[in-house]
Amino acid sequence: MTRTTTRLVAAAAVLPLFLLGACGSEEEGAAGGGGATDGKVKIAAIFSGPTNDADYNAVGLAALKAAETSGAEISFTEKVAVPDIEARLNEAVGDGADVVWTHGSQFYEATAKIAKANPDVAFIGEYDGEAKGLPANVWTIDRQFHIGFYGMGVFASKLSKTGTVGYVGGLSLPFSMAEVHAMEQAMKDTGAGTTIKPVWTGDFNDAAKAQQFATQLIGSGADVVVGSLNQGATGTFQAFEGKPEGSGWVTAKYTDKSKAAGSHYAGSLEYDFTQPLADVLAKIKAGTTTGRYPLGFDTGVKIQMSDGVPADVKAAVDETVAKVTSGEIKVALDTSKIG
């Protein structure tokens, strides 16, 4: 198993001072339980999948638990499908939540709709870009996946010896197009001359399809496969099984997945919502009830690289992240369709 080292650490989260004291949490089920009566802020979160997925939903739960540690009363509902989101939002409001957070951009439209009908409740949604017509009681966390994937473009191109990099996504959504275009920009900016071959499996969680597509990419000359998947990431790892060490690399998204990968694991683009959630809660408490919170390398995003990654590659990625963070490098948000 490859031992990993965090090279780029996101800024430490400072939870809002208004969340003081301790309280218990409700695990799965309808959000809330009648409203907090002791002055504590009551936060209800809604997750699309299981919170023990070691992936996107687990990251969300960790942020919610951090708010609980600082004194908020929390509850959450998991495994919520898009057709059911409005009902779950109304349940959270009915159960007395002060703040309702939906974790996943697929929930944004419903979040905005229910927020307009409940102006006395604060809502936090997630969005890819700047939402138009933002309700007066809604904050968005703009995930800005293209920012992180610019860094991954440098990472992958520096690792590649063949000059061909593969990208395996789930659904061909606008944010996924932006990820590929950001990698292309990075390769152009650095003069790498690397070619990127993107594919989409049609499912973020289908490991079998991910393995099939990754295997095809490797067969077509890609020696680095960049994954933008959830549970399907294990398939990209399996595509490298049995191949000689040093013959290629694979990366993942959202969390450190080194325990599920083999010696070909290069690292992951990781997300931490602890600081973003805390910062937005503090803004709401201070009276700013609407706004956009952009994620970036200084707000919850980092590129984690395994110890086996060459030092010159790590240095190049570190330098890129620093330049993106300072504004020296501007990453374009290009969601135009590919193929």
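In the block above lies the structure referred to throughout.
Residues numbered from 1 in each chain as written. Predicted model: local features only at pLDDT ≥ 70, side-chain atom pairs only at ≥ 80, totals over all residues. Heavy atoms only, no water.

1. Describing the environment of serine 48
Of note, serine 48 is situated in the loop between strand E3 (42-47) and helix H1 (56-69). Of the residues examined, serine 48 reaches a relative accessible area of 28% and is grouped as partly exposed. Between the C-alpha atom of serine 48 and that of valine 80, which follows or precedes it by 32 residues, the distance is 4.6 Å. Apart from the residues within four sequence positions on either side, serine 48 is in contact with Asn57, Lys79, Val80, His103, Gln106 and Phe107. (Helix = DSSP H or I, 4+ residues; strand = E, 2+ residues; numbered from the N terminus. Buried < 20%, exposed > 50% of the residue type's maximum accessible area, 1.4 Å probe, protein only. Contact = heavy atoms within 4.5 Å.)

2. Quick word on the pattern of salt bridges
Across all of its chains, the model carries nine salt bridges by this definition. Notably, a salt bridge pairs arginine 292 with aspartate 142, separated by 3.0 Å at the nearest N-O pair. Of this pair, arginine 292 sits in strand E13 (residues 291-294) while aspartate 142 sits in strand E7 (residues 138-142); the two residues are 150 residues apart in sequence, bridging distant segments of the chain. Owing to a relative accessible area of 33%, arginine 292 belongs among the partly exposed residues under this scheme. Residues lysine 253 and glutamate 179 are paired through a salt bridge, measuring 2.6 Å at the closest nitrogen-oxygen approach. Taken together, the residues lysine 253 in strand E11 (residues 249-254) and glutamate 179 in helix H5 (residues 174-189) connect sequence positions 74 residues apart. (Salt bridge = Lys/Arg side-chain N within 4 Å of Asp/Glu carboxyl O.)

3. What to know about unusual backbone geometry
Residues other than glycine seldom take positive phi values, yet alanine 54 does so here, at roughly 55°. Within the fold, alanine 54 resides in the loop between E3 and H1. If you check the backbone angles, lysine 79 has positive phi at about 60° while not being a glycine. Tracing the backbone through its elements, the reader meets lysine 79 in the loop between strand E4 (73-77) and helix H2 (85-94).

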